[in-house]
Amino acid sequence: MIAIILGTHGKFSEEILKSTEMILGEQENVSTITFLPGEGADDLMKNYEEAIKSLQCEDGVLFMVDLFGGSPFNAASRIVAKEENMDVITGINIPMLLEVFSSREDSTVDELAQIALSTGHIGIKSLKETLKESLKNSSEEEL
């Protein structure tokens, strides 16, 4: 099973995991990394490396972080750049995590990264746009 490392500013990684586990139940082979005020890039690197040592990473590692170009992303990128079976996905959200956790037993790291990207996009919606689209589709069906 692919290892998942959630890395975010503040305690968001811990809280998004808790929220996701409320829906799916407890998850295995996952680690949360926080980036708190006063910490630097070296702290993140050390925490990521410790997480990798504590997880089962034979099938690969998917880092899921909050912001492209942020410190959690930059530190994860330094690790992933040297490894074949790892990737970093940004913009972590609950729909993305739900699908990643549900799909990781039967997926490669590359497949899981694509699942995260597509589900992350699909999970972002506007109520008004969704209602407009629904009304438009209803009108077209009547014709």
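Whatever comes next refers back to the structure up there.
Model, not experiment: these values are computed from the prediction.

Asker: Sorry if this is basic, but what is going on with the overall build of the protein here?
Answerer: The secondary structure content of the protein amounts to 6 helices and 4 strands. Seen along its three principal axes, the alpha-carbon backbone of the protein occupies a region of about 60 × 35 × 30 Å. When each of the 143 residues of the protein is scored for burial, the buried share is 39%. Relative to all contacts within the protein whose residues are 6 or more apart in sequence, the contacts with residues 24 or more apart total 73%. By element, 51% of the accessible surface of the protein is carried by carbon and sulfur atoms, the whole surface being about 8500 Å². Here the protein holds 11 positive side-chain charges and 26 negative ones, and the gap between their average locations is 8 Å.

Asker: For this particular structure, what's the right way to read the sheet that holds strand β4 (residues 86–89)?
Answerer: Spatial ordering of the open sheet is given by β2-β1-β3-β4, a layout of 4 strands whose pairing is parallel. Whereas interior strands pair on both sides, the edge strands pair on one side only; in this sheet they are β2 (30–35) and β4. Across the sheet, the mean angle from the axis of one strand to that of its neighbour is 15°, orientation sign disregarded. Examined bridge by bridge, strand β1 (residues 3–9) and β2 share 6 bridges and lie parallel to one another. Bridge pairing in β2 places isoleucine 5 opposite serine 31.

Asker: How do you make sense of the side chain of arginine 104 when you look at a structure like this?
Answerer: Mapped onto the fold, arginine 104 is located in the loop between α4 (94–103) and α5 (109–122). Here arginine 104 is buried and forms no salt bridge, its nearest opposite-charge partner glutamate 28 lying at an N-O distance of 6.7 Å. Here asparagine 29 takes part through its backbone oxygen, which lies 3.2 Å from a polar atom of the side chain of arginine 104.

Asker: So what exactly am I meant to see when it comes to α5 here?
Answerer: The periodicity of an α-helix, 3.6 residues per turn, causes residues three or four places apart in sequence to face the same way. Compared with an ideal rise of 1.5 Å per residue, which puts 14 residues at 20 Å, α5 spans 20 Å between its outermost C-alpha atoms and is within 8% of the ideal. Those residues of α5 lying buried are Val109, Leu112, Ala113, Ala116, Thr119 and Gly120. Buried residues of α5, seen end-on, are gathered within an arc of 140° and therefore sit on one face of the element. Residues of α5 that are exposed and point over 90 degrees away from its buried face: Asp110, Gln114, His121 and Ile122.

Asker: Is there a simple way to think about the environment of methionine 96 in this case?
Answerer: In this fold, methionine 96 is placed in helix α4. Take methionine 96: its relative accessible area is 3%, and that puts it in the buried class. Expressed as a C-alpha distance, the spacing of methionine 96 and glycine 123, which sit 27 residues apart in the sequence, is 7.4 Å. In this view, methionine 96 contacts Met64, Ile89, Thr90, Gly91, Ala116, Thr119 and Gly120; residues no more than four positions away in its chain are not counted.

Asker: Mind showing me how you'd approach a negative patch on the surface here?
Answerer: Where like charges cluster on the molecular surface, the negative patch consists of Glu26, Glu28, Glu105 and Asp106. Mapped onto the secondary structure, glutamate 28 falls in the loop between α1 (12–24) and β2. For glutamate 28, a relative accessible area of 59% translates into the label exposed.

Rules and cut-offs
Residues numbered from 1 in each chain as written. Predicted model: local features only at pLDDT ≥ 70, side-chain atom pairs only at ≥ 80, totals over all residues. Heavy atoms only, no water. Helix = DSSP H or I, 4+ residues; strand = E, 2+ residues; numbered from the N terminus. Buried < 20%, exposed > 50% of the residue type's maximum accessible area, 1.4 Å probe, protein only. Contact = heavy atoms within 4.5 Å. Areas by Shrake-Rupley, 256 points an atom, 1.4 Å probe, with all protein chains shown as cover. Lys, Arg positive; Asp, Glu negative; His and termini not counted. Charge placed at Lys NZ, Arg CZ, Asp CG, Glu CD. Pairing = 2+ DSSP bridges. Axes fitted to C-alpha atoms, helices over the stretch in contact; angles between N-to-C directions. Salt bridge = Lys/Arg side-chain N within 4 Å of Asp/Glu carboxyl O. Polar contact = N/O pair within 3.5 Å; in protein donor to acceptor, adjacent residues only side chain to side chain. Expected span 1.5 Å × (residues − 1). Arc of directions from axis to C-beta. Patch = residues over 30% accessible without salt bridge, like charges linked within 9 Å, V, L, I, M, F, W, Y side chains within 5 Å.

That's the geometry; what it means functionally is another story.
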